[in-house]
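Descriptive analysis of the structure
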Amino acid sequence: MVRRPALTPLVAALPPTVPFVGPEAQERDRGGRPFRARIGANESSFGPAPSVMAAMRAAAPDMWMYCDPDNFDLKTAIAGHLGVAYHNVVVGEGIDGLLNLVVRMMISPGQPVVTSLGAYPTFNFHVAGFGGRLVAVPYENDHENLDGLLAAVKRENAPLVYLSNPDNPMGTWWEASDIRRFADALPETTMLIIDEAYGELGPDSALFPIDVSRPNVIWMRTFSKAYGLAGIRCGYAVGEEGFIRDVEKVRNHYGVNRMALVAGEAALAD
Ligand SMILES: Cc1ncc(COP(=O)(O)O)c(C=O)c1O
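Our subject in this report is the structure included herewith. (Residues numbered from 1 in each chain as written. Predicted model: local features only at pLDDT ≥ 70, side-chain atom pairs only at ≥ 80, totals over all residues. Heavy atoms only, no water.)

This next bit is on the packing of helix H3 (residues 50-59) against helix H10 (residues 258-269). In contact at an axis separation of 9 Å, H3 and H10 are set at 150° when each is read in the N-to-C sense. In terms of orientation, H3 lies roughly antiparallel with respect to H10. Here H3 and H10 pass one another in a crossing that is right-handed. On H10, the residues that touch Ser51, Val52, Ala55, Met56 and Ala59 of H3 are Met259, Val262, Ala263, Ala266 and Ala267. Split by residue class, the contact of H3 with H10 holds nine nonpolar, one polar and no charged. (Axes fitted to C-alpha atoms, helices over the stretch in contact; angles between N-to-C directions. Helix = DSSP H or I, 4+ residues; strand = E, 2+ residues; numbered from the N terminus. Parallel < 35°, antiparallel > 145°, perpendicular 65-115°, else oblique. Left-handed = near helix turned anticlockwise from the far one by under 90°. Contact = heavy atoms within 4.5 Å. Nonpolar A, V, L, I, M, F, W, Y, C, P; charged D, E, K, R; others polar.)

In C-alpha coordinates form, the structure reads like this:
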(Lines give C-alpha, C1' and ligand atoms only; values in the text may rest on other atoms or scores of the structure.)
Protein backbone atom coordinates (compact mmCIF):
# COMPACT_ATOMS: atom_id res chain seq x y z
CA MET A 1 0.00 0.00 0.00
CA VAL A 2 1.43 3.37 -1.04
CA ARG A 3 1.50 5.89 1.77
CA ARG A 4 0.64 9.41 0.83
CA PRO A 5 -0.18 12.62 2.66
CA ALA A 6 -3.59 12.52 4.35
CA LEU A 7 -6.59 14.34 2.93
CA THR A 8 -9.02 16.09 5.22
CA PRO A 9 -11.64 13.60 6.48
CA LEU A 10 -14.24 15.52 4.48
CA VAL A 11 -12.44 15.15 1.15
CA ALA A 12 -11.30 11.60 1.90
CA ALA A 13 -14.95 10.59 2.35
CA LEU A 14 -16.17 12.07 -0.96
CA PRO A 15 -17.34 9.63 -3.62
CA PRO A 16 -15.10 9.36 -6.70
CA THR A 17 -18.00 10.20 -9.03
CA VAL A 18 -18.65 13.64 -10.49
CA PRO A 19 -22.02 14.74 -11.87
CA PHE A 20 -20.68 16.26 -15.06
CA VAL A 21 -19.61 13.52 -17.43
CA GLY A 22 -18.97 15.53 -20.57
CA PRO A 23 -19.89 14.48 -24.09
CA GLU A 24 -16.14 14.17 -24.80
CA ALA A 25 -15.82 11.44 -22.12
CA GLN A 26 -18.92 9.71 -23.46
CA GLU A 27 -17.54 9.81 -26.99
CA ARG A 28 -14.27 8.30 -25.76
CA ASP A 29 -16.31 5.57 -24.04
CA ARG A 30 -17.97 4.75 -27.35
CA GLY A 31 -14.65 4.27 -29.05
CA GLY A 32 -14.28 7.85 -30.22
CA ARG A 33 -17.51 7.88 -32.24
CA PRO A 34 -18.72 11.51 -32.14
CA PHE A 35 -22.30 12.36 -31.26
CA ARG A 36 -24.33 13.93 -34.03
CA ALA A 37 -25.54 16.67 -31.72
CA ARG A 38 -24.41 18.01 -28.35
CA ILE A 39 -27.65 18.45 -26.47
CA GLY A 40 -26.82 17.07 -23.02
CA ALA A 41 -25.35 20.23 -21.54
CA ASN A 42 -27.93 22.73 -22.81
CA GLU A 43 -25.40 24.68 -24.81
CA SER A 44 -26.88 27.02 -27.37
CA SER A 45 -26.70 25.40 -30.79
CA PHE A 46 -26.01 28.80 -32.35
CA GLY A 47 -23.02 30.03 -30.33
CA PRO A 48 -22.63 33.70 -29.55
CA ALA A 49 -23.63 36.72 -31.63
CA PRO A 50 -21.23 37.73 -34.44
CA SER A 51 -20.36 40.91 -32.52
CA VAL A 52 -19.27 38.76 -29.56
CA MET A 53 -17.14 36.56 -31.82
CA ALA A 54 -15.50 39.72 -33.18
CA ALA A 55 -14.81 41.03 -29.68
CA MET A 56 -13.26 37.71 -28.67
CA ARG A 57 -11.06 37.66 -31.77
CA ALA A 58 -9.91 41.20 -30.99
CA ALA A 59 -9.12 40.18 -27.38
CA ALA A 60 -7.13 37.08 -28.35
CA PRO A 61 -3.68 38.75 -28.64
CA ASP A 62 -3.97 40.08 -25.06
CA MET A 63 -4.87 36.73 -23.54
CA TRP A 64 -1.36 36.26 -22.13
CA MET A 65 -2.00 38.96 -19.54
CA TYR A 66 -3.76 38.61 -16.21
CA CYS A 67 -7.30 39.90 -16.22
CA ASP A 68 -8.41 42.93 -14.23
CA PRO A 69 -9.00 41.14 -10.92
CA ASP A 70 -11.82 43.56 -10.05
CA ASN A 71 -13.67 42.63 -13.25
CA PHE A 72 -14.51 46.33 -13.26
CA ASP A 73 -15.80 46.83 -16.81
CA LEU A 74 -18.01 43.76 -16.88
CA LYS A 75 -19.38 44.39 -13.40
CA THR A 76 -20.17 47.97 -14.38
CA ALA A 77 -21.93 46.77 -17.55
CA ILE A 78 -23.96 44.17 -15.65
CA ALA A 79 -24.92 46.69 -12.99
CA GLY A 80 -26.08 49.10 -15.69
CA HIS A 81 -27.97 46.34 -17.51
CA LEU A 82 -29.85 45.35 -14.35
CA GLY A 83 -30.23 48.78 -12.77
CA VAL A 84 -28.31 47.87 -9.62
CA ALA A 85 -25.08 49.24 -8.14
CA TYR A 86 -21.57 48.00 -8.92
CA HIS A 87 -21.22 46.51 -5.43
CA ASN A 88 -24.35 44.42 -5.89
CA VAL A 89 -22.63 42.33 -8.58
CA VAL A 90 -19.97 39.66 -8.45
CA VAL A 91 -18.62 37.83 -11.51
CA GLY A 92 -17.55 34.20 -11.40
CA GLU A 93 -16.56 31.15 -13.40
CA GLY A 94 -20.12 30.47 -14.49
CA ILE A 95 -22.95 29.81 -12.10
CA ASP A 96 -21.14 26.60 -11.16
CA GLY A 97 -18.25 28.58 -9.70
CA LEU A 98 -20.60 30.93 -7.86
CA LEU A 99 -22.63 28.06 -6.41
CA ASN A 100 -19.39 26.67 -5.00
CA LEU A 101 -18.62 29.98 -3.29
CA VAL A 102 -22.05 30.45 -1.76
CA VAL A 103 -22.16 26.89 -0.43
CA ARG A 104 -18.68 27.41 1.02
CA MET A 105 -19.84 30.62 2.68
CA MET A 106 -23.01 29.20 4.17
CA ILE A 107 -22.45 25.53 4.97
CA SER A 108 -20.38 23.79 7.61
CA PRO A 109 -20.18 19.99 7.67
CA GLY A 110 -23.46 18.39 8.68
CA GLN A 111 -25.68 21.41 8.02
CA PRO A 112 -28.86 20.86 6.00
CA VAL A 113 -29.29 22.28 2.49
CA VAL A 114 -32.67 22.11 0.77
CA THR A 115 -33.16 21.50 -2.94
CA SER A 116 -35.48 19.53 -5.22
CA LEU A 117 -35.00 15.80 -5.76
CA GLY A 118 -33.42 15.50 -9.21
CA ALA A 119 -32.55 19.20 -9.49
CA TYR A 120 -29.25 20.55 -10.86
CA PRO A 121 -26.62 18.02 -9.72
CA THR A 122 -23.64 20.35 -9.69
CA PHE A 123 -25.23 22.22 -6.78
CA ASN A 124 -25.48 18.92 -4.90
CA PHE A 125 -21.85 18.22 -5.78
CA HIS A 126 -20.77 21.46 -4.10
CA VAL A 127 -22.95 20.73 -1.06
CA ALA A 128 -21.25 17.34 -0.73
CA GLY A 129 -17.85 18.98 -1.20
CA PHE A 130 -18.40 21.14 1.87
CA GLY A 131 -19.95 18.35 3.91
CA GLY A 132 -23.52 19.66 3.80
CA ARG A 133 -26.46 17.34 4.26
CA LEU A 134 -28.76 17.46 1.26
CA VAL A 135 -32.50 17.49 1.94
CA ALA A 136 -34.21 16.86 -1.40
CA VAL A 137 -37.92 17.55 -1.88
CA PRO A 138 -39.71 15.65 -4.70
CA TYR A 139 -41.10 17.58 -7.64
CA GLU A 140 -44.85 17.99 -7.85
CA ASN A 141 -46.58 18.07 -11.24
CA ASP A 142 -43.14 18.49 -12.85
CA HIS A 143 -42.57 21.69 -10.85
CA GLU A 144 -40.32 22.39 -7.91
CA ASN A 145 -42.59 22.08 -4.91
CA LEU A 146 -42.42 25.52 -3.31
CA ASP A 147 -44.58 24.58 -0.32
CA GLY A 148 -42.55 21.41 0.16
CA LEU A 149 -39.26 23.30 -0.05
CA LEU A 150 -40.49 25.85 2.47
CA ALA A 151 -41.66 23.15 4.87
CA ALA A 152 -38.28 21.41 4.57
CA VAL A 153 -36.41 24.65 5.23
CA LYS A 154 -38.46 25.27 8.37
CA ARG A 155 -38.35 21.68 9.59
CA GLU A 156 -34.57 21.44 9.15
CA ASN A 157 -33.77 25.05 10.05
CA ALA A 158 -31.73 25.06 6.83
CA PRO A 159 -29.34 27.96 6.16
CA LEU A 160 -29.53 27.47 2.38
CA VAL A 161 -32.20 26.59 -0.19
CA TYR A 162 -31.73 26.25 -3.96
CA LEU A 163 -34.31 27.01 -6.62
CA SER A 164 -33.74 26.99 -10.36
CA ASN A 165 -36.22 29.13 -12.32
CA PRO A 166 -36.87 28.13 -15.09
CA ASP A 167 -35.83 24.73 -13.89
CA ASN A 168 -33.39 22.26 -15.38
CA PRO A 169 -34.16 19.37 -15.92
CA MET A 170 -37.95 19.93 -15.90
CA GLY A 171 -38.12 22.98 -18.15
CA THR A 172 -40.95 24.29 -16.00
CA TRP A 173 -41.05 27.56 -14.10
CA TRP A 174 -42.87 29.51 -11.45
CA GLU A 175 -44.23 32.99 -11.97
CA ALA A 176 -42.42 35.80 -10.16
CA SER A 177 -45.43 36.29 -7.88
CA ASP A 178 -45.10 32.68 -6.65
CA ILE A 179 -41.38 33.08 -6.07
CA ARG A 180 -42.05 36.28 -4.16
CA ARG A 181 -44.50 34.49 -1.85
CA PHE A 182 -41.89 31.77 -1.33
CA ALA A 183 -39.08 34.25 -0.62
CA ASP A 184 -41.28 36.30 1.71
CA ALA A 185 -42.17 33.19 3.72
CA LEU A 186 -38.56 32.06 4.19
CA PRO A 187 -36.96 32.57 7.59
CA GLU A 188 -34.53 35.48 7.47
CA THR A 189 -31.82 33.01 8.53
CA THR A 190 -32.16 31.10 5.23
CA MET A 191 -30.33 32.19 2.08
CA LEU A 192 -32.25 31.55 -1.15
CA ILE A 193 -30.22 30.92 -4.30
CA ILE A 194 -32.30 31.63 -7.39
CA ASP A 195 -30.47 30.00 -10.26
CA GLU A 196 -31.62 31.83 -13.39
CA ALA A 197 -29.32 30.03 -15.83
CA TYR A 198 -32.35 29.88 -18.14
CA GLY A 199 -33.88 33.17 -17.01
CA GLU A 200 -33.61 34.80 -20.42
CA LEU A 201 -35.27 31.78 -22.06
CA GLY A 202 -38.53 31.77 -20.08
CA PRO A 203 -41.29 34.35 -19.96
CA ASP A 204 -40.35 37.70 -18.40
CA SER A 205 -43.15 37.16 -15.90
CA ALA A 206 -41.11 34.32 -14.38
CA LEU A 207 -38.17 36.57 -13.51
CA PHE A 208 -38.40 37.44 -9.83
CA PRO A 209 -37.43 41.13 -9.92
CA ILE A 210 -33.99 41.66 -8.44
CA ASP A 211 -34.31 43.46 -5.12
CA VAL A 212 -30.93 44.11 -3.55
CA SER A 213 -32.54 45.19 -0.30
CA ARG A 214 -33.31 41.50 0.40
CA PRO A 215 -30.33 40.20 2.35
CA ASN A 216 -31.34 36.55 2.03
CA VAL A 217 -31.77 36.16 -1.73
CA ILE A 218 -29.02 35.84 -4.32
CA TRP A 219 -29.80 35.79 -8.04
CA MET A 220 -27.44 33.96 -10.39
CA ARG A 221 -27.25 34.31 -14.16
CA THR A 222 -24.85 33.16 -16.81
CA PHE A 223 -23.53 33.85 -20.28
CA SER A 224 -23.56 30.09 -20.93
CA LYS A 225 -27.10 29.55 -22.16
CA ALA A 226 -29.05 32.32 -23.93
CA TYR A 227 -25.80 34.12 -24.84
CA GLY A 228 -24.23 30.97 -26.30
CA LEU A 229 -20.96 31.23 -24.35
CA ALA A 230 -20.89 28.06 -22.25
CA GLY A 231 -17.20 27.37 -22.79
CA ILE A 232 -16.10 30.86 -21.80
CA ARG A 233 -17.07 30.21 -18.14
CA CYS A 234 -18.62 33.47 -17.11
CA GLY A 235 -21.61 34.12 -14.91
CA TYR A 236 -22.65 36.57 -12.24
CA ALA A 237 -24.49 36.83 -8.98
CA VAL A 238 -26.51 39.81 -7.82
CA GLY A 239 -27.64 40.55 -4.31
CA GLU A 240 -27.43 42.71 -1.24
CA GLU A 241 -24.16 44.64 -1.05
CA GLY A 242 -22.98 43.16 2.26
CA PHE A 243 -23.41 39.61 1.03
CA ILE A 244 -21.75 40.37 -2.31
CA ARG A 245 -18.78 41.91 -0.48
CA ASP A 246 -18.55 38.67 1.49
CA VAL A 247 -18.47 36.69 -1.77
CA GLU A 248 -15.59 38.93 -2.84
CA LYS A 249 -13.64 37.67 0.21
CA VAL A 250 -13.62 34.09 -1.02
CA ARG A 251 -13.67 34.26 -4.81
CA ASN A 252 -10.73 33.40 -7.05
CA HIS A 253 -9.69 36.86 -8.22
CA TYR A 254 -8.09 35.81 -11.49
CA GLY A 255 -10.61 33.04 -12.11
CA VAL A 256 -12.46 34.79 -14.95
CA ASN A 257 -10.04 35.39 -17.79
CA ARG A 258 -9.78 38.39 -20.10
CA MET A 259 -11.60 36.73 -22.99
CA ALA A 260 -14.54 35.88 -20.73
CA LEU A 261 -14.77 39.44 -19.44
CA VAL A 262 -14.66 40.87 -22.96
CA ALA A 263 -17.16 38.34 -24.28
CA GLY A 264 -19.58 39.00 -21.44
CA GLU A 265 -19.47 42.73 -22.03
CA ALA A 266 -19.96 42.32 -25.77
CA ALA A 267 -22.82 39.88 -25.22
CA LEU A 268 -24.65 42.29 -22.94
CA ALA A 269 -24.14 45.11 -25.44
CA ASP A 270 -25.39 43.03 -28.39
C1 LIG B 1 -29.76 24.96 -13.69
C2 LIG B 1 -28.38 25.22 -14.14
N3 LIG B 1 -27.61 26.05 -13.44
C4 LIG B 1 -26.35 26.32 -13.80
C5 LIG B 1 -25.79 25.72 -14.92
C6 LIG B 1 -24.36 25.99 -15.26
O7 LIG B 1 -24.16 27.31 -15.61
P8 LIG B 1 -22.70 27.84 -15.89
O9 LIG B 1 -22.29 27.36 -17.24
O10 LIG B 1 -22.86 29.32 -15.80
O11 LIG B 1 -21.81 27.32 -14.81
C12 LIG B 1 -26.55 24.86 -15.69
C13 LIG B 1 -25.96 24.20 -16.89
O14 LIG B 1 -26.42 23.24 -17.41
C15 LIG B 1 -27.87 24.58 -15.29
O16 LIG B 1 -28.62 23.73 -15.98
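What follows is about the sheet that holds strand S1 (residues 89-92). If you walk across this open sheet you meet the seven strands as S1-S7-S6-S5-S4-S2-S3, and the pairing is mixed. Looking along the sheet, the strands with just one partner apiece sit at the ends: S1 and strand S3 (133-137). Averaged over all pairs of adjacent strands, the angle between their axes in this sheet comes to 20°, without regard to strand direction. Of the pairings in the sheet, the one linking strand S5 (residues 191-195) to strand S6 (residues 217-222) comprises four bridges and is parallel in character. (Pairing = 2+ DSSP bridges.)

This next bit is on the nonpolar core. Core analysis: the largest hydrophobic core is formed by 26 residues, its most contacted members being Ile78, Val91, Phe223, Leu229, Ile232, Cys234 and Tyr236. Contributions of two or more residues to this core are made by H3, helix H4 (72-82), S1, strand S7 (235-239) and H10. In terms of residues, this core owes the most to one element, H10, which gives seven residues. Excluding its chain neighbours within four sequence positions, the residues that come into contact with Leu229 are Pro48, Val52, Met56, Phe223, Ser224, Ala263 and Ala267. Within the second largest apolar cluster, 25 residues are counted, among which are Val102, Met191, Tyr198 and Val247. (Core = buried A, V, L, I, M, F, W, Y, C linked by side-chain atoms within 4.5 Å. Buried < 20%, exposed > 50% of the residue type's maximum accessible area, 1.4 Å probe, protein only.)

Looking now at the packing of aromatic side chains. Across all of its chains, the model carries seven aromatic pairs by this definition. When the centroid spacing of 5.1 Å and the interplanar angle of 45° are considered together, the rings of Phe72 and Tyr86 count as tilted. One end of the pair, Phe72, is in helix H4; the other, Tyr86, is in the loop between H4 and S1, with 14 residues separating them in the sequence. For Phe72, a relative accessible area of 42% puts it in the partly exposed group. A centroid spacing of 4.6 Å and a plane angle of 20° characterise the contact between Phe123 and Tyr162, whose relative ring orientation is stacked. Residue Phe123 is located in helix H6 (residues 121-129), and its partner Tyr162 is located in strand S4 (residues 160-164); the two are separated by 39 residues in the primary sequence. The class of Phe123 is buried, set by a relative accessible area of 0%. When its relative accessible area of 0% is taken as the criterion, Tyr162 is described as buried. Joined through ring pairs, the aromatic side chains of Phe223, Tyr227 and Tyr236 make up one cluster. (Phe/Tyr/Trp six-rings, centres within 6.5 Å; stacked < 30°, edge-to-face > 60°.)

Moving on, we come to the environment of Val114. Secondary-structure assignment places Val114 in strand S2 (residues 112-116). The buried category is assigned to Val114, whose relative accessible area is 0%. For the pair Val114 and Ala54, spaced 60 residues apart in the sequence, the C-alpha separation amounts to 42 Å.

Taken across its six residues, S6 has six buried, putting it largely inside the fold. Of the two faces of S6, the one carrying Val217, Trp219 and Arg221 and the one carrying Ile218, Met220 and Thr222 are both buried. Bridge count for S6 against S7 is five bridges, and the pairing is antiparallel. Each residue of the ladder has a partner; that of Ile218, found in S7, is Gly239.

Before going further, it helps to spend a moment on the pairing of S2. Across the five residues that make up S2, a large majority, five, are buried. The alternating pattern of S2 places Pro112, Val114 and Ser116 and Val113 and Thr115 on opposite faces, both of which are buried. Bridge analysis of S2 against S3 gives five bridges, and the strand direction is parallel. Bridge assignment links Thr115 to a residue of S3, and that residue is Ala136. Pairing between S2 and S4: two bridges, direction parallel. For Val113, the partnering residue across the bridge sits in S4 and is Leu160.

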